[in-house]
Amino acid sequence: MPLSSLTIAVPTFNRSELLQRCVESVLLDVTDRPDLEGRVRVVVADDLSSSPAATATLDSLRERFSSDRLEVVRLPRHTGGASTPRNTALDHVETSHVFFVDSDDYVGRGSVERLLDILDEHPELDYVAVNNVSEAGRARELTIDTDFEEVDLLRAATSLSCKRIFRTSTVNELGLRFDESMTVFEDFQFTFSFLTHAKHLAYVGGHDYYHFSGHGDIDAAKEDGHLSRRDHTHGYFAHHRVADGIRFLEHSLLELSAAEVGEDVRTKVVTEVLLHRFFKVMNMQRTLGFVNNRSRQRGLFRTLRTLLLSPLFGKECAAAAQETAYGTHVQTILDDDLKGFLDA
């Protein structure tokens, strides 16, 4: 059985100190480790940074680390989102697994070696979610108490961040990439699509593997390159946030219909995961209320209603959904009551 290997895929734009910290958190641990030769790589996909400090950092990193450890790919144009850089990084992954890490975040000391050991011990793993540490006041994305735990689709889908470890061959067999036309939820969509078709999923705790920190103690004014920041509280982007949320929901229902899962599991995933994401995480009512005219609101609401009345959603899910915390929301949608939905 060949040893596992891992690429850290880093999308970036106008990061300098933060990007350097991110790359060093991986490579300083492995550079002088001949036993890890060929098993750890970092691919940085730069969304055509305009900051001189950022481009200088990219050049400096290329000079410091060998090409078999670090590859920097500059996109030909600035896309303004994380999807294209992530897809670009994916196109350069040659290792057995890929771990998405944002450039303002970093991995814990010793994490990469520990993760390789876990992948070696469990070569069947398609997906690994790791313990997260929050800094700068951000909420933790995932806290895992057990050292190692295999999980099912329902458990794994409760956290749909893409900052996880994925088997590269499975990603490629599925033809899976981040949807570059979406402004939000493209990471949820990618992860959910993978989970519905992967076979071996695990949570790994016992060590703080991944630190997501925002700017921390680094001057935010110098690090202005957030790739996915959008203002979703005003007309245009509020409209797109709702539209992308509906696309995420529809796509997920399609993936579930093709997955090898029982009807009871499907219903639980829809009601306990997807509707929770849709109504709470995206705050559907509040965001729809920001759409800047009633005609657009009505169009989005009708699109959602059509989806919830379709066979993709199904009568079983509709009935189960009305027994959840979002039952009132679902009922107002089925009743075609836009005002009641916004006021619920």
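Starting afresh in each chain, residues are numbered from 1 along the sequence in its written order. It should be noted that, the model being predicted, local features are given only for residues of pLDDT at least 70 and side-chain atom pairs only at 80 or more, the latter also being counted only at that level, while totals for whole chains, interfaces and linings use all residues. Values reported for side chains reflect all heavy atoms of the structure, with hydrogen atoms and water molecules removed beforehand.

In this text, helices come from DSSP runs of H or I with a minimum length of four residues, and strands from runs of E with a minimum of two, each type numbered from the N-terminal end. Summing up its helical and strand segments, the protein has 14 helices and eleven strands in all. At 21 Å, the protein has a C-alpha radius of gyration in line with the 20 Å of a compact globule built from 344 residues. The burial tally for the protein puts 56% of its 344 residues in the buried class. By the convention used here, residues are in contact when the closest approach between their heavy atoms is within 4.5 Å. Long-range pairs, those at least 24 residues apart, make up 83% of the contacts in the protein between residues at least 6 apart in sequence. When the accessible surface of the protein is totalled, it reaches about 14700 Å², and 48% of it is carbon and sulfur. Using C-alpha atoms as the atom set, the radius of gyration is obtained and then compared with a globule rule of 2.2 Å times the number of residues to the power 0.38. Burial classification: accessible surface area is computed with a 1.4 Å probe over protein chains only, and a residue below 20% of its type maximum counts as buried, one above 50% as exposed, and the rest as partly exposed. Residue exposure ignores everything except the shown protein chains as possible cover, and the areas themselves are Shrake-Rupley values with a 1.4 Å probe.

For leucine 48, which is not glycine, the phi dihedral falls at a positive 55 degrees. The backbone of phenylalanine 185 sits at a positive phi, close to 70 degrees, despite the residue not being glycine. Locating phenylalanine 185 in the fold gives a position in the loop between α6 (168-173) and α7 (186-197).

The subject of this paragraph is α7. In this scheme, a helix's expected span is set at 1.5 Å multiplied by one less than its residue total. Between its terminal C-alpha atoms α7 stretches 17 Å, which fits the 16 Å expected from twelve residues at 1.5 Å a residue. Most of α7 sits out of view: ten of its twelve residues are buried. Burial in α7 covers these residues: Glu186, Phe188, Gln189, Phe190, Thr191, Phe192, Ser193, Phe194, Leu195 and Thr196.

Another point: the packing of helix α1 (residues 17-30) against helix α2 (residues 52-64). Think of each axis as a best-fit line through the C-alpha atoms, taken over the contacting stretch in the case of a helix, with angles from 0 to 180 degrees between the N-to-C directions. Where α1 meets α2, the closest approach of the two axes is 10 Å, and the angle between their N-to-C directions is 15 degrees. In terms of their interaxial angle, α1 and α2 are classed as roughly parallel. Judged by the twist between their axes, the crossing of α1 over α2 is right-handed. Across the interface between the two elements, Leu19, Gln20, Val23, Glu24 and Leu28 from α1 touch Thr57, Leu58, Leu61 and Arg64 from α2. Geometric relationships in this document are graded by angle, where less than 35 degrees denotes roughly parallel, more than 145 denotes roughly antiparallel, 65 to 115 denotes roughly perpendicular, and other angles denote oblique. Handedness of a crossing is defined here by the sense of rotation of the near helix relative to the far one, left-handed for an anticlockwise turn of less than a right angle and right-handed for a clockwise turn.

To get the bend at a given residue, fit one axis to the seven residues ending there, fit another to the seven starting there, and take the angle between those axes. At leucine 275, helix α9 (residues 263-281) shows its largest kink, close to 35 degrees. Every buried residue belonging to α9 is among Arg266, Thr267, Val269, Val270, Thr271, Val273, Leu274, Leu275, Arg277, Phe278 and Phe279, and all of these are buried. Asparagine 283 lies just past α9 and shows a positive phi near 50 degrees.

Now for the sheet that holds strand β11 (residues 210-212). An order of β5-β11-β7 is seen for the three strands of this open sheet, with the pairing classed as mixed. Either end of the sheet is taken by a strand with one partner, and the two such strands are β5 (106-107) and β7 (132-134). Following DSSP output, two strands are said to pair if at least two bridges run between them.

Here we come to the side chain of serine 103. Tracing the sequence through the fold places serine 103 in the loop between β4 (97-100) and β5. In this structure the side chain of serine 103 is engaged in a polar contact, spanning 3.4 Å, whose partner is the backbone oxygen of proline 11. Polar contacts, as counted here, are pairs of nitrogen or oxygen atoms within 3.5 Å of one another; within protein the pair requires one atom able to donate a hydrogen and one able to accept it, and residues that are adjacent in sequence qualify only if both atoms are side-chain atoms. Looking at serine 103, its side chain comes within polar contact range of the side chain of threonine 12, at 3.2 Å. With residues near it in sequence (within four places) discarded, serine 103 still touches Val10, Pro11, Thr12, Arg15, Leu18, Leu19 and Cys22.

Along the chain, threonine 88 turns up in helix α3 (residues 83-90). The contacts of threonine 88, once residues within four sequence positions are left out, are Ala45, Val73 and Leu75.

So, about the environment of aspartate 179. Mapped onto the elements, aspartate 179 comes out in the loop between α6 and α7. You can call aspartate 179 partly exposed: its relative accessible area is 22%. The sequence separation of aspartate 179 and serine 83 amounts to 96 residues, and the corresponding C-alpha distance is 6.6 Å. Look past the residues within four positions of aspartate 179 in its chain and what remains in contact with it is Ser83, Glu186, Gln189 and Arg247. Side chain to side chain, aspartate 179 and serine 181 meet in a polar contact 2.6 Å long.

The rule is short: rings of Phe, Tyr and Trp, with Trp giving its six-membered ring, pair when the centres are within 6.5 Å, and they are stacked under 30 degrees, edge-to-face over 60, tilted in between. Within this structure, the stated rule accounts for 16 aromatic pairs. Between phenylalanine 166 and phenylalanine 190, the ring centres sit 5.3 Å apart and the planes meet at 80 degrees, which makes this aromatic pair edge-to-face. Placement of the pair is phenylalanine 166 in strand β9 (residues 165-167) and phenylalanine 190 in helix α7, with a sequence separation of 24 residues. By the burial criterion, phenylalanine 166 is buried, and phenylalanine 190 matches it. Ring geometry for phenylalanine 279 versus phenylalanine 341: centroids 6.3 Å apart, planes at 55 degrees, classification tilted. You can see phenylalanine 279 sitting in helix α9 and its partner phenylalanine 341 sitting in helix α14 (residues 338-343), a full 62 residues away along the chain. Residue phenylalanine 341 is classed as buried on the basis of its relative accessible area, which comes to 0%. Only when the NZ atom of a Lys or the CZ atom of an Arg is both within 6 Å of the ring centre and within 35 degrees of the ring normal do we say a charge sits over the ring. Positioned over the ring face of phenylalanine 178 is arginine 86, at 5.5 Å from the centre of the ring. The side chain of arginine 277 reaches across the aromatic face of phenylalanine 188, ending 4.7 Å from its centre.

Keep in mind these values describe shape, not function.
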